[in-house]
Amino acid sequence: QVQLLESGGGLVQAGGSLKLSCAASGRTFSSYNMYWFRQAPGKEREFVAAISSSARDTYYADSVKGRFTISRDNAKNTVYLQMNSLKPEDTAVYCCAASMVWGMWAPSMHHTWGQGTQVTVSS
């Protein structure tokens with residue numbers, strides 16, 4: 001089972017950028033579709049972006065489309081989330097998840113999570 005470790009969060013002003021990383025353990029990373037989710041204070045966890053195992057397919061929540069870009073480097077067992085034009089409403093703990101199934105947009109479908117990284121966007 002893959003283990004995940006997120007990094008790259010921090011405090012940024014509105015309009016700024018951050019790049020999150022999610023490093024995975026194990027030799028089968030390239031077999032996993034990777035997902036980013038986020039959870040804001042007092043809100044449920046929500047889907048942000050996903051990338052297929054081969055990187056051929058990506059999918060984004062409407063709220064981040066055009067601002068965030070998901071990518072992966074299978075040689076480094078890492079998936080990235082480049083976040084541009086950040087807004088205060090992007091403030092949340094960002095977590096990654098891994099699955100061999102594509103299309104798992106609902107957080108409840110996932111059982112393997114990293115500990116998350118905090119992103120705070122000030123206005």
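Above this text sits the structure in question.
Focus: the sheet that holds strand 7 (residues 68-73)
Taken together, the four strands give an open sheet; going across it, the order is 1-3-8-7, and neighbouring strands pair in antiparallel fashion. Every other strand in the sheet has two partners, leaving strand 1 (4-7) and strand 7 as the edge strands with one partner each. Strand-to-strand twist of the sheet, defined as the mean angle between neighbouring strand axes without regard to direction, takes the value 15°. Sheet topology places strand 3 (residues 18-24) next to strand 8 (residues 78-83); six bridges connect them, and they run antiparallel. Each residue of the ladder has a partner; that of leucine 20, found in strand 8, is leucine 81.

As for the nonpolar core
Met34, Trp36, Leu81, Met83 and Tyr94 are the most contacted members of the largest nonpolar core, which has 36 residues in total. Secondary-structure elements contributing two or more residues to this core are strand 3, strand 4 (33-39), strand 5 (46-51), strand 7, strand 8, strand 9 (92-99) and strand 10 (117-122).

Let's talk about the state of the cysteines
Within the structure shown, the criterion is met by one disulfide. A sulfur-sulfur separation of 1.9 Å characterises the disulfide bridge that pairs cysteine 22 with cysteine 96. Around the S-S axis, the bridge from cysteine 22 to cysteine 96 shows a dihedral of about 60° and counts as right-handed. Of this pair, cysteine 22 sits in strand 3 while cysteine 96 sits in strand 9; the two residues are 74 residues apart in sequence, bridging distant segments of the chain. One exposure class covers both cysteine 22 and cysteine 96, and it is buried. For cysteine 95, which is in no disulfide, the shortest distance to another cysteine sulfur is to cysteine 96 and amounts to 7.4 Å. Taking the relative accessible area as the measure of exposure, cysteine 95 reaches 5% and is therefore buried.

Calculation criteria
Residues numbered from 1 in each chain as written. Predicted model: local features only at pLDDT ≥ 70, side-chain atom pairs only at ≥ 80, totals over all residues. Heavy atoms only, no water. Pairing = 2+ DSSP bridges. Helix = DSSP H or I, 4+ residues; strand = E, 2+ residues; numbered from the N terminus. Axes fitted to C-alpha atoms, helices over the stretch in contact; angles between N-to-C directions. Core = buried A, V, L, I, M, F, W, Y, C linked by side-chain atoms within 4.5 Å. Buried < 20%, exposed > 50% of the residue type's maximum accessible area, 1.4 Å probe, protein only. Disulfide = S-S within 2.5 Å.

Read these as spatial facts, not as claims about activity.
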